[in-house]
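Below, each chain spelled out in residue letters.
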Amino acid sequence: MATQMFEGKGHAAVYQKYRFAPGKELKQTILSYLQEKKAIPAELAVDVGCGSGQGTHFLAEHFKKVVGTDISEAQIQEAKDTPCMPNISYLVCPAEELPFQDSSVDVLTSFTAAHWFDIGKFMKEVERVLKPGGCMAISTYTVDMSLRYGHCSEKLTKIFRECWDMILKHAHNRLKFVLEDYKEIFEALPFPDKKRITDIYDPIPMTVEGVVGYMESASPYQTFMKTDPKAATSLLQETEKRMLETMGVSSRETPVEFWVRHVCVLGCK
């Protein structure tokens, strides 16, 4: 069964507020592949482990019907409470037990979620529900992140990474899938027609508050909060203070560029 890390209402709310949607390069990588395989236009796309729906919204522009699924009721409630296109619906279910008929799904996606699934069981479900010629796109952003702002980008990135490294000390062992660029997930994909792209870079428009909020939304930080709330809170407060001082600004709403590296596993049944 999947590892459940985003169950609480508080965590789901922070996740919905601060998690960013797939960036332009990642979306283009996926769309180009689907066009190449003639998988769009199509009837049904399913976004597994959809969380509060950041990736699901992107799919709604390209498919007649989109269903986001997640094991967390709190996450699905956040998704339902967020305005979206009328062709999107949401379901609570495990990634390993999808409520779709055999060979009924045109495209299946998962954005920054597959490392929490039982990979073997999930891949069997992917093979079961996808139509012949159907495609899947499983992506994650990596821990390879940087910040850009004026002449202090290097210093800002150093401050961010020092904080991030402290947070990652509390990471679940399933982070190994991300650290190895989804290599194991790629190898588990049961289709011979598949590829893995590891160098997709996207600039995400953020604010200082957004960057700190993103770190707060990460599952290792939530674990840190449970074990030592005072130290966890202090770390983010101090990091935000250092970032603002380095930038020479006082507002948390000051915009920055948050660069992330994505990995994407693509396959066609």
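The name an unreviewed UniProt entry assigns to the protein chain is CRG1 methyltransferase, from the organism Ptilonorhynchus violaceus. Database annotation for the protein chain, UniProt heading Sequence similarities (unreviewed entry): "Belongs to the methyltransferase superfamily."

K.L.:
Please explain the packing of aromatic side chains as it appears in this structure.
P.N.:
How two aromatic rings sit relative to each other is given by the distance of their centres and the angle of their planes. Going through the model one piece at a time under the given rule, you end up with eight aromatic pairs. With a centroid separation of 6.4 Å and 80 degrees between ring planes, the pair formed by Y221 and F224 is classed as edge-to-face. Taken together, the positions of Y221 and F224, both in helix α10 (residues 219-227) and three residues apart, correspond to about one turn of that helix. Classification of Y221 by relative accessible area gives buried; the value is 3%. Judged by relative accessible area, F224 falls into the buried class, the value being 8%. Aromatic ring contacts, followed pair by pair, group Y141, F160, W164, Y214 and F258 into a single cluster. Between R148 and the ring centre of W259, over which it is positioned, the NZ or CZ distance is 4.1 Å.

K.L.:
Help me out: how do you make sense of the sheet that holds strand β2 (residues 63-70) in this one?
P.N.:
Strand order in the open sheet formed by seven strands is β3-β2-β1-β4-β5-β7-β6, with mixed pairing between adjacent strands. A strand with exactly one partner marks an edge of an open sheet, and here the two such strands are β3 (88-92) and β6 (193-207). Adjacent strand axes in the sheet meet at a mean angle of 20 degrees when their direction is disregarded. As defined by bridge partners, β6 adjoins strand β7 (residues 255-268) across 13 bridges and the pair is classed as antiparallel. By the bridge assignment, P205 is partnered in β7 with E257. With respect to the sheet, helix α4 (residues 73-81) is in contact with β2 and β3, its orientation differing from that of β3 by roughly 165 degrees. In the packing of helix α5 (residues 119-129) onto the sheet, the strands contacted are β1 (42-48), β4 (105-111) and β5 (130-148), and the crossing angle to β5 comes to about 135 degrees.

What counts, and where the lines are drawn
- Residues numbered from 1 in each chain as written.
- Predicted model: local features only at pLDDT ≥ 70, side-chain atom pairs only at ≥ 80, totals over all residues.
- Heavy atoms only, no water.
- UniProt positions renumbered as here; feature names shortened; annotations may be inferred.
- Phe/Tyr/Trp six-rings, centres within 6.5 Å; stacked < 30°, edge-to-face > 60°.
- Helix = DSSP H or I, 4+ residues; strand = E, 2+ residues; numbered from the N terminus.
- Buried < 20%, exposed > 50% of the residue type's maximum accessible area, 1.4 Å probe, protein only.
- Lys NZ or Arg CZ within 6 Å of the ring centre and 35° of its normal.
- Pairing = 2+ DSSP bridges.
- Axes fitted to C-alpha atoms, helices over the stretch in contact; angles between N-to-C directions.
- Contact = heavy atoms within 4.5 Å.

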